[in-house]
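# Tertiary structure, described
What follows is each chain in one-letter form.
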Amino acid sequence: MADMEKKIIYLDHAATTYVKPEVFEVMKPYFDTEYGNPSSIYSIGRSNRKAVEDARISVAKSIGAAEPSEIYFTGSGTESDNWAIKGAALALKKKGKHIITSNIEHPAVLATCEFLQKQGYDITYVKVDEEGLINPEDVDKEIRPDTILVTIMMANNEIGTIQPIKEIAQVCKKHGVLFHTDAVQAAGNIPINVKDLGVDLLSVSGHKFYGPKGVGMLYIRKGVRIESLIHGGHQERNRRAGTENVPGIVGFAKALELANINMEAHYKKLSSLRDRALKGITDRIPYTRVNGSMEKRLPGNLNISFRFVEGESVLLMLDMKGIKASSGSACTSGSLDPSHVLLSIGLPHEIAHGSLRLSFGEINTEEEVDYLIDALDEIINKLRNMSPLYEDFTKGV
(Lines give C-alpha, C1' and ligand atoms only; values in the text may rest on other atoms or scores of the structure.)
Protein backbone atom coordinates (compact mmCIF):
# COMPACT_ATOMS: atom_id res chain seq x y z
CA MET A 1 0.00 0.00 0.00
CA ALA A 2 2.74 2.46 0.95
CA ASP A 3 4.58 2.01 -2.36
CA MET A 4 1.40 2.58 -4.33
CA GLU A 5 0.69 5.82 -2.45
CA LYS A 6 3.96 7.26 -3.79
CA LYS A 7 2.83 7.01 -7.41
CA ILE A 8 0.05 8.75 -9.30
CA ILE A 9 -2.81 6.45 -10.24
CA TYR A 10 -4.69 8.27 -12.96
CA LEU A 11 -8.32 7.20 -13.28
CA ASP A 12 -9.77 10.24 -15.07
CA HIS A 13 -9.20 9.41 -18.73
CA ALA A 14 -12.67 10.71 -19.60
CA ALA A 15 -11.40 14.18 -18.66
CA THR A 16 -8.20 13.90 -20.70
CA THR A 17 -5.45 11.48 -21.67
CA TYR A 18 -1.70 11.77 -22.01
CA VAL A 19 -0.17 12.11 -25.48
CA LYS A 20 1.25 8.82 -26.70
CA PRO A 21 4.97 8.88 -27.61
CA GLU A 22 4.23 7.88 -31.21
CA VAL A 23 1.84 10.83 -31.47
CA PHE A 24 4.29 13.29 -29.94
CA GLU A 25 7.02 12.14 -32.34
CA VAL A 26 5.02 12.98 -35.47
CA MET A 27 4.08 16.38 -33.99
CA LYS A 28 7.60 17.52 -33.04
CA PRO A 29 8.90 18.66 -36.47
CA TYR A 30 5.98 21.09 -36.85
CA PHE A 31 7.04 22.97 -33.72
CA ASP A 32 10.63 23.76 -34.75
CA THR A 33 11.80 22.85 -38.28
CA GLU A 34 8.53 22.53 -40.26
CA TYR A 35 6.96 25.68 -38.83
CA GLY A 36 5.64 27.34 -41.98
CA ASN A 37 2.13 28.73 -42.33
CA PRO A 38 0.06 26.31 -44.45
CA SER A 39 -1.41 29.28 -46.34
CA SER A 40 2.03 30.40 -47.57
CA ILE A 41 3.05 29.55 -51.13
CA TYR A 42 6.77 28.86 -50.50
CA SER A 43 8.06 25.34 -49.84
CA ILE A 44 7.93 25.31 -46.03
CA GLY A 45 4.31 26.46 -46.22
CA ARG A 46 3.42 23.94 -48.92
CA SER A 47 4.88 21.09 -46.87
CA ASN A 48 2.66 22.11 -43.95
CA ARG A 49 -0.36 22.28 -46.25
CA LYS A 50 0.40 18.72 -47.38
CA ALA A 51 0.67 17.58 -43.75
CA VAL A 52 -2.77 19.02 -43.00
CA GLU A 53 -4.32 17.43 -46.08
CA ASP A 54 -2.67 14.07 -45.36
CA ALA A 55 -4.14 14.26 -41.85
CA ARG A 56 -7.55 15.02 -43.33
CA ILE A 57 -7.34 11.92 -45.52
CA SER A 58 -6.31 9.82 -42.52
CA VAL A 59 -9.15 11.10 -40.30
CA ALA A 60 -11.71 10.56 -43.07
CA LYS A 61 -10.55 6.95 -43.36
CA SER A 62 -10.65 6.49 -39.57
CA ILE A 63 -14.32 7.50 -39.30
CA GLY A 64 -15.53 6.08 -42.62
CA ALA A 65 -16.24 9.43 -44.27
CA ALA A 66 -16.97 9.33 -48.00
CA GLU A 67 -14.49 12.12 -48.77
CA PRO A 68 -11.64 13.92 -46.95
CA SER A 69 -13.39 17.20 -47.78
CA GLU A 70 -16.04 16.28 -45.20
CA ILE A 71 -13.47 16.71 -42.40
CA TYR A 72 -12.96 20.16 -40.82
CA PHE A 73 -10.38 20.75 -38.11
CA THR A 74 -11.31 22.89 -35.11
CA GLY A 75 -9.80 23.96 -31.79
CA SER A 76 -11.79 21.56 -29.57
CA GLY A 77 -14.81 19.32 -29.25
CA THR A 78 -16.63 22.26 -27.69
CA GLU A 79 -16.00 24.39 -30.76
CA SER A 80 -17.16 21.56 -33.00
CA ASP A 81 -20.40 21.23 -31.03
CA ASN A 82 -20.98 24.99 -31.13
CA TRP A 83 -20.30 25.14 -34.85
CA ALA A 84 -22.58 22.22 -35.67
CA ILE A 85 -25.51 23.52 -33.63
CA LYS A 86 -25.23 27.28 -34.19
CA GLY A 87 -24.22 26.77 -37.81
CA ALA A 88 -27.27 24.62 -38.53
CA ALA A 89 -29.55 26.97 -36.58
CA LEU A 90 -28.42 30.00 -38.59
CA ALA A 91 -28.48 28.22 -41.95
CA LEU A 92 -31.98 26.83 -41.46
CA LYS A 93 -33.74 29.55 -39.47
CA LYS A 94 -36.10 30.32 -42.37
CA LYS A 95 -37.32 26.71 -42.28
CA GLY A 96 -37.84 26.68 -38.51
CA LYS A 97 -36.35 27.31 -35.09
CA HIS A 98 -37.02 24.04 -33.29
CA ILE A 99 -34.10 21.96 -32.02
CA ILE A 100 -34.24 18.62 -30.18
CA THR A 101 -31.58 17.46 -27.74
CA SER A 102 -31.46 15.34 -24.57
CA ASN A 103 -31.29 16.29 -20.91
CA ILE A 104 -27.93 14.50 -20.36
CA GLU A 105 -25.83 16.24 -23.00
CA HIS A 106 -22.39 17.73 -22.34
CA PRO A 107 -22.40 21.41 -21.28
CA ALA A 108 -20.98 22.30 -24.71
CA VAL A 109 -24.31 21.25 -26.22
CA LEU A 110 -26.63 22.32 -23.41
CA ALA A 111 -25.12 25.80 -23.07
CA THR A 112 -25.26 26.29 -26.84
CA CYS A 113 -28.93 25.33 -26.89
CA GLU A 114 -29.61 27.70 -23.98
CA PHE A 115 -27.90 30.49 -25.94
CA LEU A 116 -30.06 29.79 -28.99
CA GLN A 117 -33.18 29.69 -26.83
CA LYS A 118 -32.42 33.28 -25.83
CA GLN A 119 -32.26 34.12 -29.54
CA GLY A 120 -35.80 32.85 -30.08
CA TYR A 121 -35.20 29.18 -30.83
CA ASP A 122 -37.41 26.52 -29.28
CA ILE A 123 -35.51 23.68 -27.59
CA THR A 124 -37.04 20.31 -26.70
CA TYR A 125 -35.20 18.09 -24.21
CA VAL A 126 -35.88 14.38 -24.68
CA LYS A 127 -35.74 12.47 -21.41
CA VAL A 128 -33.69 9.34 -20.78
CA ASP A 129 -34.62 6.19 -18.86
CA GLU A 130 -33.07 5.07 -15.56
CA GLU A 131 -30.01 3.73 -17.42
CA GLY A 132 -29.49 6.98 -19.30
CA LEU A 133 -30.75 5.61 -22.62
CA ILE A 134 -32.82 7.51 -25.19
CA ASN A 135 -35.69 5.80 -26.97
CA PRO A 136 -35.59 6.73 -30.70
CA GLU A 137 -39.40 6.68 -30.68
CA ASP A 138 -39.35 9.57 -28.19
CA VAL A 139 -37.27 11.58 -30.65
CA ASP A 140 -39.71 10.68 -33.42
CA LYS A 141 -42.66 11.95 -31.36
CA GLU A 142 -40.99 15.32 -30.74
CA ILE A 143 -40.17 16.15 -34.38
CA ARG A 144 -42.38 18.90 -35.81
CA PRO A 145 -42.65 20.61 -39.21
CA ASP A 146 -40.37 23.40 -37.91
CA THR A 147 -37.72 21.04 -36.46
CA ILE A 148 -34.35 21.78 -38.07
CA LEU A 149 -31.85 19.82 -35.97
CA VAL A 150 -31.55 16.91 -33.55
CA THR A 151 -28.36 16.75 -31.46
CA ILE A 152 -27.79 13.66 -29.29
CA MET A 153 -24.44 12.53 -27.88
CA MET A 154 -23.06 9.16 -28.91
CA ALA A 155 -21.80 8.24 -25.43
CA ASN A 156 -22.27 10.05 -22.15
CA ASN A 157 -19.20 11.54 -20.51
CA GLU A 158 -20.38 10.81 -16.95
CA ILE A 159 -22.14 7.45 -16.96
CA GLY A 160 -20.72 6.04 -20.20
CA THR A 161 -24.09 5.10 -21.71
CA ILE A 162 -23.90 4.50 -25.47
CA GLN A 163 -26.95 5.80 -27.35
CA PRO A 164 -28.71 4.13 -30.33
CA ILE A 165 -27.29 6.70 -32.75
CA LYS A 166 -27.97 4.76 -35.95
CA GLU A 167 -31.65 4.34 -35.06
CA ILE A 168 -32.01 8.03 -34.13
CA ALA A 169 -30.32 9.00 -37.41
CA GLN A 170 -32.89 6.91 -39.30
CA VAL A 171 -35.71 8.76 -37.53
CA CYS A 172 -34.18 12.11 -38.51
CA LYS A 173 -33.65 11.04 -42.10
CA LYS A 174 -37.29 9.94 -42.35
CA HIS A 175 -38.35 13.47 -41.40
CA GLY A 176 -35.64 15.27 -43.40
CA VAL A 177 -34.10 16.74 -40.24
CA LEU A 178 -30.35 17.24 -39.72
CA PHE A 179 -28.75 15.03 -37.09
CA HIS A 180 -25.63 15.94 -35.11
CA THR A 181 -23.89 13.69 -32.59
CA ASP A 182 -21.25 14.66 -30.05
CA ALA A 183 -18.85 11.71 -30.31
CA VAL A 184 -16.14 13.20 -28.09
CA GLN A 185 -16.29 10.39 -25.50
CA ALA A 186 -16.98 7.65 -28.04
CA ALA A 187 -14.04 8.29 -30.38
CA GLY A 188 -11.17 5.93 -29.67
CA ASN A 189 -13.31 3.71 -27.44
CA ILE A 190 -15.88 2.28 -29.84
CA PRO A 191 -15.91 2.04 -33.67
CA ILE A 192 -17.27 5.05 -35.55
CA ASN A 193 -18.37 4.86 -39.17
CA VAL A 194 -20.33 7.94 -40.21
CA LYS A 195 -21.71 6.35 -43.38
CA ASP A 196 -23.04 3.37 -41.47
CA LEU A 197 -24.43 5.55 -38.67
CA GLY A 198 -26.09 7.93 -41.12
CA VAL A 199 -25.22 11.10 -39.19
CA ASP A 200 -24.95 14.52 -40.85
CA LEU A 201 -22.62 16.17 -38.34
CA LEU A 202 -20.21 14.61 -35.84
CA SER A 203 -17.87 16.19 -33.27
CA VAL A 204 -14.59 14.76 -31.93
CA SER A 205 -11.79 16.05 -29.67
CA GLY A 206 -8.17 14.86 -29.88
CA HIS A 207 -7.22 14.77 -26.21
CA LYS A 208 -9.73 12.03 -25.33
CA PHE A 209 -7.82 9.30 -27.22
CA TYR A 210 -4.15 10.00 -26.42
CA GLY A 211 -3.83 12.92 -28.80
CA PRO A 212 -3.05 16.59 -28.10
CA LYS A 213 -5.32 19.13 -26.45
CA GLY A 214 -6.52 22.15 -28.41
CA VAL A 215 -7.56 20.33 -31.57
CA GLY A 216 -10.90 18.89 -32.62
CA MET A 217 -12.80 17.90 -35.73
CA LEU A 218 -16.26 18.39 -37.17
CA TYR A 219 -17.52 15.99 -39.80
CA ILE A 220 -19.95 17.72 -42.15
CA ARG A 221 -21.58 15.33 -44.59
CA LYS A 222 -21.29 16.44 -48.20
CA GLY A 223 -24.32 18.47 -49.17
CA VAL A 224 -25.07 19.69 -45.63
CA ARG A 225 -25.07 23.48 -45.39
CA ILE A 226 -24.26 25.18 -42.11
CA GLU A 227 -23.06 28.72 -41.44
CA SER A 228 -19.51 29.41 -40.28
CA LEU A 229 -18.85 30.05 -36.61
CA ILE A 230 -15.46 31.77 -36.93
CA HIS A 231 -14.88 34.39 -39.64
CA GLY A 232 -11.65 35.84 -40.98
CA GLY A 233 -9.31 34.01 -43.35
CA HIS A 234 -9.94 31.38 -46.01
CA GLN A 235 -8.78 28.35 -44.03
CA GLU A 236 -10.68 25.04 -44.03
CA ARG A 237 -12.12 25.80 -47.46
CA ASN A 238 -13.55 29.15 -46.32
CA ARG A 239 -15.59 27.56 -43.54
CA ARG A 240 -13.41 27.89 -40.42
CA ALA A 241 -11.04 30.85 -40.28
CA GLY A 242 -7.77 30.82 -38.36
CA THR A 243 -4.24 29.58 -39.01
CA GLU A 244 -4.26 25.81 -38.76
CA ASN A 245 -2.76 24.14 -35.69
CA VAL A 246 -0.50 21.93 -37.79
CA PRO A 247 1.19 19.95 -35.00
CA GLY A 248 -2.17 19.45 -33.32
CA ILE A 249 -3.85 18.31 -36.53
CA VAL A 250 -1.02 15.89 -37.36
CA GLY A 251 -1.13 14.52 -33.80
CA PHE A 252 -4.93 14.23 -33.88
CA ALA A 253 -4.82 12.14 -37.05
CA LYS A 254 -2.07 9.87 -35.73
CA ALA A 255 -3.84 9.33 -32.39
CA LEU A 256 -7.11 8.44 -34.11
CA GLU A 257 -5.31 6.07 -36.48
CA LEU A 258 -3.64 4.29 -33.54
CA ALA A 259 -6.93 4.14 -31.63
CA ASN A 260 -8.58 2.35 -34.56
CA ILE A 261 -5.71 -0.09 -34.92
CA ASN A 262 -5.64 -0.93 -31.19
CA MET A 263 -9.38 -0.72 -30.50
CA GLU A 264 -10.08 -4.39 -29.89
CA ALA A 265 -7.25 -4.78 -27.35
CA HIS A 266 -8.11 -1.39 -25.83
CA TYR A 267 -11.75 -2.35 -25.35
CA LYS A 268 -10.86 -5.73 -23.84
CA LYS A 269 -8.34 -4.32 -21.34
CA LEU A 270 -10.43 -1.37 -20.18
CA SER A 271 -13.65 -3.35 -19.77
CA SER A 272 -11.72 -5.97 -17.79
CA LEU A 273 -10.28 -3.35 -15.42
CA ARG A 274 -13.71 -1.72 -15.05
CA ASP A 275 -15.41 -5.02 -14.24
CA ARG A 276 -12.68 -5.92 -11.73
CA ALA A 277 -13.17 -2.58 -9.98
CA LEU A 278 -16.95 -2.93 -10.00
CA LYS A 279 -16.89 -6.40 -8.45
CA GLY A 280 -14.35 -5.45 -5.79
CA ILE A 281 -16.17 -2.28 -4.79
CA THR A 282 -19.68 -3.75 -4.67
CA ASP A 283 -18.50 -6.93 -2.88
CA ARG A 284 -16.81 -4.95 -0.11
CA ILE A 285 -18.79 -1.72 0.20
CA PRO A 286 -22.53 -1.94 0.91
CA TYR A 287 -25.17 0.62 -0.11
CA THR A 288 -23.65 1.38 -3.49
CA ARG A 289 -25.20 1.54 -6.94
CA VAL A 290 -23.84 1.65 -10.48
CA ASN A 291 -25.14 4.47 -12.64
CA GLY A 292 -25.85 3.85 -16.31
CA SER A 293 -26.25 0.79 -18.48
CA MET A 294 -23.74 -2.05 -18.05
CA GLU A 295 -24.72 -3.57 -21.39
CA LYS A 296 -24.44 -0.39 -23.49
CA ARG A 297 -21.47 1.32 -21.87
CA LEU A 298 -18.05 2.66 -22.73
CA PRO A 299 -15.36 0.11 -21.78
CA GLY A 300 -13.42 2.24 -19.31
CA ASN A 301 -16.30 4.01 -17.56
CA LEU A 302 -17.55 3.23 -14.06
CA ASN A 303 -19.89 5.68 -12.34
CA ILE A 304 -20.87 4.57 -8.87
CA SER A 305 -22.80 6.18 -6.01
CA PHE A 306 -22.06 5.65 -2.32
CA ARG A 307 -24.91 6.43 0.05
CA PHE A 308 -24.30 8.62 3.12
CA VAL A 309 -21.10 10.28 1.80
CA GLU A 310 -20.19 13.39 -0.21
CA GLY A 311 -18.40 12.81 -3.51
CA GLU A 312 -16.05 15.76 -2.99
CA SER A 313 -14.77 14.27 0.27
CA VAL A 314 -14.16 10.94 -1.44
CA LEU A 315 -12.20 12.65 -4.23
CA LEU A 316 -10.01 14.61 -1.82
CA MET A 317 -9.20 11.53 0.25
CA LEU A 318 -8.44 9.51 -2.89
CA ASP A 319 -6.13 12.30 -4.03
CA MET A 320 -4.21 12.03 -0.75
CA LYS A 321 -3.60 8.39 -1.65
CA GLY A 322 -2.37 9.30 -5.14
CA ILE A 323 -5.60 8.34 -6.94
CA LYS A 324 -6.97 10.88 -9.43
CA ALA A 325 -10.66 10.49 -10.18
CA SER A 326 -13.73 12.64 -10.80
CA SER A 327 -17.29 13.19 -9.66
CA GLY A 328 -18.48 13.93 -13.20
CA SER A 329 -17.62 16.16 -16.14
CA ALA A 330 -14.34 18.06 -15.86
CA CYS A 331 -16.13 20.98 -17.51
CA THR A 332 -18.44 21.34 -14.51
CA SER A 333 -16.04 20.39 -11.73
CA GLY A 334 -16.24 23.86 -10.19
CA SER A 335 -19.96 23.46 -9.54
CA LEU A 336 -21.34 22.33 -6.19
CA ASP A 337 -24.63 21.31 -7.79
CA PRO A 338 -25.27 17.58 -8.26
CA SER A 339 -24.74 16.19 -11.74
CA HIS A 340 -27.57 16.97 -14.15
CA VAL A 341 -26.95 13.56 -15.70
CA LEU A 342 -27.48 11.68 -12.45
CA LEU A 343 -30.57 13.72 -11.61
CA SER A 344 -31.92 12.96 -15.11
CA ILE A 345 -31.71 9.19 -14.54
CA GLY A 346 -33.71 9.57 -11.34
CA LEU A 347 -31.15 9.77 -8.55
CA PRO A 348 -32.17 11.91 -5.57
CA HIS A 349 -29.87 14.84 -4.75
CA GLU A 350 -28.30 13.19 -1.71
CA ILE A 351 -27.24 10.07 -3.64
CA ALA A 352 -26.13 12.04 -6.71
CA HIS A 353 -23.84 14.05 -4.42
CA GLY A 354 -22.12 10.85 -3.34
CA SER A 355 -21.10 9.71 -6.81
CA LEU A 356 -17.69 8.91 -8.24
CA ARG A 357 -16.64 8.61 -11.89
CA LEU A 358 -13.73 6.29 -12.58
CA SER A 359 -12.47 6.22 -16.17
CA PHE A 360 -9.73 3.71 -16.88
CA GLY A 361 -7.02 3.97 -19.52
CA GLU A 362 -4.31 1.95 -21.20
CA ILE A 363 -1.71 2.77 -18.53
CA ASN A 364 -3.76 1.32 -15.68
CA THR A 365 -3.06 -2.09 -14.16
CA GLU A 366 -4.90 -4.71 -12.09
CA GLU A 367 -2.60 -3.86 -9.17
CA GLU A 368 -3.82 -0.25 -9.32
CA VAL A 369 -7.44 -1.39 -9.41
CA ASP A 370 -6.91 -3.54 -6.31
CA TYR A 371 -5.28 -0.60 -4.54
CA LEU A 372 -8.26 1.55 -5.51
CA ILE A 373 -10.68 -0.99 -4.02
CA ASP A 374 -8.75 -1.08 -0.74
CA ALA A 375 -8.56 2.71 -0.63
CA LEU A 376 -12.26 3.19 -1.29
CA ASP A 377 -13.21 0.60 1.33
CA GLU A 378 -11.18 2.50 3.92
CA ILE A 379 -12.39 5.96 2.83
CA ILE A 380 -16.10 5.16 2.60
CA ASN A 381 -16.05 3.45 6.00
CA LYS A 382 -14.29 6.43 7.56
CA LEU A 383 -16.70 8.95 6.05
CA ARG A 384 -19.78 6.94 6.96
CA ASN A 385 -18.61 6.57 10.54
CA MET A 386 -18.60 10.39 10.74
CA SER A 387 -22.05 10.69 9.16
CA PRO A 388 -25.08 11.20 11.45
CA LEU A 389 -27.31 10.08 8.55
CA TYR A 390 -25.49 6.75 8.37
CA GLU A 391 -25.67 6.37 12.14
CA ASP A 392 -29.42 6.97 12.08
CA PHE A 393 -29.77 4.53 9.16
CA THR A 394 -27.91 1.72 10.97
CA LYS A 395 -30.01 2.31 14.09
CA GLY A 396 -33.18 2.17 12.03
CA VAL A 397 -34.18 5.72 12.98
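Up top is the structure these notes are about.
Remember, it's a predicted structure, so these values are computed and weren't measured experimentally. (Residues numbered from 1 in each chain as written. Predicted model: local features only at pLDDT ≥ 70, side-chain atom pairs only at ≥ 80, totals over all residues. Heavy atoms only, no water.)

### Some words on the overall build of the protein chain
Regarding its fold elements, the protein chain presents 17 helices and 12 strands. Radius of gyration (C-alpha) of the protein chain: 22 Å, near the 21 Å computed for a compact globule of 397 residues. On the principal axes, the C-alpha backbone points of the protein chain span a range of 75 × 55 × 35 Å. For the protein chain, the residues scored as buried account for 56% of the 397 residues in total. Here the contacts in the protein chain between residues at least 6 apart in sequence split such that 74% fall between residues at least 24 apart. Entry remark: accessible area of the protein chain is about 17300 Å², with carbon and sulfur atoms responsible for 53%. Seen as two clouds, the 47 positive and the 52 negative side-chain charges of the protein chain have centres 5 Å apart. (Helix = DSSP H or I, 4+ residues; strand = E, 2+ residues; numbered from the N terminus. Rg over C-alpha atoms; globule rule 2.2 N^0.38 Å. Buried < 20%, exposed > 50% of the residue type's maximum accessible area, 1.4 Å probe, protein only. Contact = heavy atoms within 4.5 Å. Areas by Shrake-Rupley, 256 points an atom, 1.4 Å probe, with all protein chains shown as cover. Lys, Arg positive; Asp, Glu negative; His and termini not counted. Charge placed at Lys NZ, Arg CZ, Asp CG, Glu CD.)

### Quick notes on helix α11 (residues 246-261)
Here α11 contains 16 residues, and its C-alpha end-to-end distance of 23 Å stays within 8% of the 22 Å for a straight helix at 1.5 Å per residue. Buried residues of α11: Val 246, Pro 247, Gly 248, Ile 249, Val 250, Gly 251, Phe 252, Ala 253, Ala 255, Leu 256, Leu 258 and Ala 259, and no others. The backbone nitrogen of Gly 248 lies 3.0 Å from a side-chain oxygen of the residue at the head of α11, namely Asn 245. (Expected span 1.5 Å × (residues − 1). Polar contact = N/O pair within 3.5 Å; in protein donor to acceptor, adjacent residues only side chain to side chain.)

### Thoughts on the pairing of strand β8 (residues 216-220)
Counting buried positions over the five residues of β8 gives five, a clear majority of the element. The alternating pattern of β8 places Gly 216, Leu 218 and Ile 220 and Met 217 and Tyr 219 on opposite faces, both of which are buried. Pairing of strand β2 (residues 71-74) with β8, which is carried by four bridges, proceeds in the antiparallel orientation. Bridge pairing links Tyr 72 to Leu 218 in β8. Of the pairings in the sheet, the one linking strand β7 (residues 201-205) to β8 comprises five bridges and is antiparallel in character. Its bridge partner being in β8, Val 204 is matched across the sheet by Met 217. (Pairing = 2+ DSSP bridges.)

### Comments concerning the pattern of salt bridges
Working definition: two side chains of opposite charge can pair if their charged atoms are close together. Counted according to the given criterion, the structure contains 25 salt bridges. Ionic pairing is found between Asp 12 and Arg 357, a salt bridge with its closest N-O pair at 3.1 Å. Here Arg 357 lies in strand β12 (residues 355-359) and Asp 12 lies in the loop between β1 (9-10) and α2 (21-27), a separation of 345 residues in the sequence. On the accessibility criterion, Arg 357 (1% relative accessible area) is buried. Glu 244 is the partner of Arg 49 in a salt bridge, and the nearest nitrogen-oxygen pair spans 2.7 Å. Here Glu 244 lies in the loop between α10 (235-238) and α11 and Arg 49 lies in helix α4 (residues 43-63), a separation of 195 residues in the sequence. Because the salt bridges share partners, they merge into one network encompassing Arg 49, Glu 53, Arg 56, Glu 236 and Glu 244. (Salt bridge = Lys/Arg side-chain N within 4 Å of Asp/Glu carboxyl O.)

### With respect to the sheet that holds β2
Overall, mixed pairing links the seven strands, which are arranged β2-β8-β7-β6-β5-β3-β4 in an open sheet. Two strands in the sheet have a free side with no partner beyond their single neighbour: β2 and β4 (122-126). In this sheet, neighbouring strand axes are inclined to one another by 20° on average, regardless of whether the strands run parallel or antiparallel. α4 contacts β2 and β8 of the sheet and is inclined by roughly 115° relative to β2. (Axes fitted to C-alpha atoms, helices over the stretch in contact; angles between N-to-C directions.)

### So, the nonpolar core
One finds Ile 192 and Leu 202 to be the most contacted residues of the largest nonpolar core, which totals 61 residues. Among the elements that make up this core, the one with the highest residue count is α11 (eight residues). If we ignore the near neighbours within four places in the chain, the residues touching Leu 202 are Met 154, His 180, Thr 181, Ala 183, Ile 192, Val 194, Met 217, Leu 218 and Tyr 219. Core analysis: the next-biggest nonpolar cluster, separate from the first, contains 30 residues, Ile 285, Leu 302, Leu 358 and Leu 372 among them. (Core = buried A, V, L, I, M, F, W, Y, C linked by side-chain atoms within 4.5 Å.)

### Observations regarding the sheet that holds β12
Sheet strands pair by backbone hydrogen bonding; their relative direction is either parallel or antiparallel. Pairing in this open sheet of three strands is antiparallel, and the strands run β9-β10-β12 from one edge to the other. The sheet is open, and its two edges are formed by β9 (288-290) and β12, each paired on a single side. Between one strand axis and the next, the sheet turns through 25° on average, direction left out of account. Note that strand β10 (residues 301-306) and β12 share five bridges and pair antiparallel. Each bridged residue has a counterpart across the sheet, and for Asn 303 the counterpart in β12 is Arg 357. Its contacts with the sheet put helix α12 (residues 263-284) on β9, β10 and β12, and the angle it makes with β10 is roughly 15°.

### Overview of a negative patch on the surface
Together, Asp 129, Glu 130, Glu 131 and Glu 295 make up a region of like negative charge exposed at the surface. On the basis of relative accessibility, which here comes to 31%, the residue Asp 129 falls in the partly exposed class. (Patch = residues over 30% accessible without salt bridge, like charges linked within 9 Å, V, L, I, M, F, W, Y side chains within 5 Å.)

The values are spatial; any link to function lies outside them.
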